[in-house]
Amino acid sequence: MMLPWLSLTSVAFLLLLHCKLCVGIGAPRSLANIPIVQQGGQLIGTSNSSAPNEFGITPVTLADDGSYYIVLEAGPITFRATIDTGSADSWLVSTACTTTTCMEVPRYPLQYDSPTFVSVNNNASVFNISYADSTAASGFIARETIQISNVTAPNQAIGLVTDSNVTLVDEISGILGLGFPRLSEIYASTANATPFFATLASQGLLEYPIFGLSLTRNTTGTLAIGAVDVSVVQNVSNIVWNEVVPFSPIGTQTNTSGYFYWSIYMTGFSVNGTNLTPIPTYPTLTGNSSIALLDVGTTGIYGPYQDVTRLYSLISGSRLVDESGQWVIPCTSSATISFTFGDNNTFVLQPTDYIIGPAVGNPSLCLSWPRALPPSSDGVDWQLGTPFLRTVYSVWSYGIDDKEPPMIGLYAKSNASATVESPTVVSAFLSSISATVATTLPNYVLATPSYTAPPYTFNTSVPATFGEIVPSELATSTYAPILISPTTVNASALPKVYDAYTLTYTNAKGQFVTSTYHVSDPSTALGVPPGWSGAHALGIPYFGLGTSLFITVTTAVWILS
C-alpha cells in the first residue's frame, strides 16, 4: 500500500505526532500501542505514554489442544503463552530443559544476557508446579520484565523451567497464570513476588484493575488488560456482575480469609427451561451454595455427579459411558443447557456449544459436556471452562484493597431467546470442525458411581464472608471504586478499548479509500533475542512504521475533529 501524497509540513507534523504516540512503548508491535477508546459515542485515538496508567488489547488464539494463547515479551524475547485463570504462576521453558516436550517449543535462552533479567537467590529458589492432569514442571524462580500489548509488569517473578512433561503445542512455551496470589507457589516462597496481574493491580499500573476475555474458535479472540473490549461488548451496562467467593485460609497459611479462585455462586441450571437447583458437596461449609470456578485453562465443563446425573436425566437417550464421568446424548438432540448465577442471571448454551462430537463406533451418539467428577475437597463443584466462556464476554475485576471485592462480569454474546439450533445445523457444524471422537462406546449401561466427600481443605475456624472487602492482596487502594457491588456499578466509567482501527487515505486516482484492520500479533521470532540468527518467525502480519504512520494519520483526524 502506497502512502498518500502529503505536504512537507503535514509529514513533519504527523511524524512528530507518531513519535509522541510511541514514547515509552518501544517499537510498534500491534495496534495496542495506540489504544482506540470509545468516548462519547466517537472513536478517539489516544496514548497513555504520558500517563502512569495503561491499558491494552492483544489477540487470543485457539490452540490445537483446545487451550488459548497470547503473545508476550519476556525482556526483549517474544513467546507464546497459554492463558489460565485457574492458576496464578507464570512460567516459560528454558534452554536448560531438554525433555521431549521442551525441545519441541521455543525456549528462554539462559545463555543470553537479558538486560531485564534478575536472578533470585542465584537461581537457587526452586519452582515446582503440578496440574490436575498429572503433568508437572519444575525449575527455578527468576525475575524478568513481562510485557503484553503496551502493558508492562517490571521485575515480574516467573518460573524458568528446567524439567517438564506438560504437553505444549503450537510453539507455546509456557503459561500465563491470571489467578490470585494465594494460589501461587512463587508468591508463597518468594518475597514480593506477586503473580502477573496482581503486580499490575497492586502497583496501580492499569487504568482499572480488570481484564476482559473474548474467546472464539479461531484467532479473533482478544485479551483486554485494564479495559473492556467494546468491539464485543456493545453495551457495558448489560454486563452482569457476580461477586467472587472468598475462602478461609488453608491450614495455618494465614489467619485471614481472602480470595483464592475466580469462582462465583451458581444458583441454578436447566435443560430446555426445566430448572434444577445445584446440590453443594459441603452445604454447611459453603453457605448451602454451589461454587463454580470459571477457568479459561479448562477445555471442558465439569460438575458433581449429584448435579450432572440430574441434568442428563432431562435429555432423552443420554447415558453414562465412561468411568471418567463422560455422558453421551443423541447427536440429533436440540436441547439447550443453561446456567444461572446470582439473582436469575441465566446464560444459555446451544447444542454446538456443549456437544463434543460423535463417537466413531457409534456415530449417532455424541459425547457431551458437562462431564461428572468426584467431589473436590476445596468445595468447588462446577468448573466452567472454554465451552461456556466462548458464549460470553467475561470481565475479571481484581477488587481494591479496603474498597471493592473482586467480581466477574458476564456479557452474553447471543440472545438467550435465540432460535434453538436444529439437528441439521448441529450436524453441519460438527462436520466443519471434524469433531468425530475416536472411541467406541460400551454396549451396556454403566452404573452411576457414588462417592464420599473428602475432608474439607480450608480452615473454617477463620470464617470467610461472601462479599467481604479485604485490606490487602488486591489492587492498590489508590483506585477509585467503580464496581462497588453487583447492583452498584458505574459502567460508563469502565475503561474501554477497541480491537480494530480504520485507515483512510487518498489513492493515486484521488479517491478516498477506507480499510478496517484488527489487532494482530507482531511477526517476531519466537524465543530468539533481537539480532540472533536461526529465528523462527510467527506466520502472521506485521504492521511496521508505514502502517503506524497510517494509523497516526487517522488518529490525527480523530484528535483534531
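K.L.:
Would you take a moment to explain the pairing of strand β18 (residues 263–271) for this structure?
P.N.:
Consecutive side chains of a regular strand alternate in pointing toward one face of the sheet and then the other. Counting buried positions along β18 gives 8 out of 9 residues, so the element sits mostly inside the fold. Note that β18 and strand β20 (residues 290–294) share 4 bridges and pair antiparallel. Bridge pairing in β20 links Y265 to I291. Here β18 pairs with strand β19 (residues 274–276) via 3 bridges, running antiparallel. What sits directly across from V271, in β19, is T274.

K.L.:
How should I be thinking about the nonpolar core in this particular structure?
P.N.:
Within soluble globular proteins, side chains that are nonpolar generally end up buried alongside one another. If you look at the biggest cluster of nonpolar residues, it comprises 108 residues, and the most contacted ones within it are F339, F341, L384 and F388. Here the element with the most residues in this core is helix α4 (residues 196–202); it accounts for 5 residues. Contacts of F339, omitting those with residues within four sequence positions, involve M266, G268, F269, I301, N345, T346, F347, L349, W382, L384 and F388. Of all hydrophobic cores here, the second largest spans 20 residues; its members include W91, C97, V105 and F127.

K.L.:
Teacher, can you tell me more about the state of the cysteines here?
P.N.:
Covalent bonding between the sulfur atoms of two cysteines defines a disulfide. Scanning the entire structure with this criterion turns up 2 disulfides. In this model C97 forms its disulfide with C102; the gap between the sulfur atoms is 2.0 Å. Residues C97 and C102 are joined through a disulfide that is right-handed, its torsion about the S-S bond being 70°. With its sulfur 2.1 Å from that of its partner, C331 forms a disulfide with C366. On the S-S bond that ties C331 to C366, the torsion sits near 110°, and the link is right-handed. Of this pair, C331 sits in the loop between β23 (327–330) and β24 (337–341) while C366 sits in strand β27 (residues 362–368), placing them 35 residues apart in sequence. Comparing C331 with C366, the two get one shared label, buried. Look at the protein and number its bonded cysteines as they come in the sequence; the links are 1-2, 3-4.

Definitions and cut-offs
- Residues numbered from 1 in each chain as written.
- Predicted model: local features only at pLDDT ≥ 70, side-chain atom pairs only at ≥ 80, totals over all residues.
- Heavy atoms only, no water.
- Buried < 20%, exposed > 50% of the residue type's maximum accessible area, 1.4 Å probe, protein only.
- Helix = DSSP H or I, 4+ residues; strand = E, 2+ residues; numbered from the N terminus.
- Pairing = 2+ DSSP bridges.
- Core = buried A, V, L, I, M, F, W, Y, C linked by side-chain atoms within 4.5 Å.
- Contact = heavy atoms within 4.5 Å.
- Disulfide = S-S within 2.5 Å.

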